[in-house]
Amino acid sequence: MPDTFNLIFDMYSGTMLKVACGITRDKHLAEDAVQESFLRISKNLERLADIYSPETRGYILTITRNASLSALKARKGITDRECPLDEIENVQESCDIEQEVISKAGFEELVSTIRELPKIYADVLYMDWVMEFSIHEISVQLGLQEDTVKKRINRGKKTLQKQLIKKLKRGPVL
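Residues numbered from 1 in each chain as written. Predicted model: local features only at pLDDT ≥ 70, side-chain atom pairs only at ≥ 80, totals over all residues. Heavy atoms only, no water.

The next subject is the overall build of the protein. If you tally the helices and strands in the protein, you get eight helices and zero strands. When the helices and strands of the protein are listed from N to C terminus, the series reads α-α-α-α-α-α-α-α. For the protein, buried positions account for 39% of its 174 residues. Partitioning the intrachain contacts of the protein with sequence separation of at least 6 by distance along the chain shows that 70% fall at a separation of at least 24. (Helix = DSSP H or I, 4+ residues; strand = E, 2+ residues; numbered from the N terminus. Buried < 20%, exposed > 50% of the residue type's maximum accessible area, 1.4 Å probe, protein only. Contact = heavy atoms within 4.5 Å.)

Side chains that are nonpolar tend, in soluble globular proteins, to be buried together. Among the nonpolar cores identified, the biggest contains 40 residues, and I8, M16, I41 and I114 are the most heavily contacted of them. Taken together, the elements giving at least two residues each to this core come down to α1 (2-24), α2 (27-43), α3 (54-74), α5 (104-116), α6 (119-130) and α8 (146-170). With residues up to four places along the chain from it excluded, the contact list for I8 reads S13, F38, I41, L48, I51 and I60. (Core = buried A, V, L, I, M, F, W, Y, C linked by side-chain atoms within 4.5 Å.)

Turning next to the environment of R25. Position of R25 relative to the elements: it lies in the loop between α1 and α2. Accessibility expressed as a relative area gives 17% for R25, which makes it buried. In this structure, the C-alpha to C-alpha distance between R25 and S68, residues 43 residues apart in sequence, is 10.0 Å.

Here's what the structure looks like:
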């Protein structure tokens, strides 16, 4: 079992940190969330039949997502810090197109609004826009058909647009 845990750590720690950082926007809080995730994973190691399977990856990233959201809720009011992604090892150096086009505040508002959407839309939009997963990668992670992922992204975009319009009508969020 220790070898399995080490393999999981080596394979997924970078991705887990990227996911946690994307949610918390705080490097230290993200590290805490990843540590909590590994504690949860270690308690359920016997359930992981194939650590290379898409189901295992999805399970691990779901645990990370939930741990990150829990950490964020526990630390209300300290969510506006930046997460210096350049300090994180194993994180791709690509720039988000959305971050270049939309101002930082606008991007954070967009991500915040995505998190408020129903889970079936929030997950696919977050993976598509923030984590920059391909349609195929999202379908594998979530165990869905690629057509289903595409439909959820399109429906999620429409729902997101409605939410953003409501927020704009209420006035500036800054």
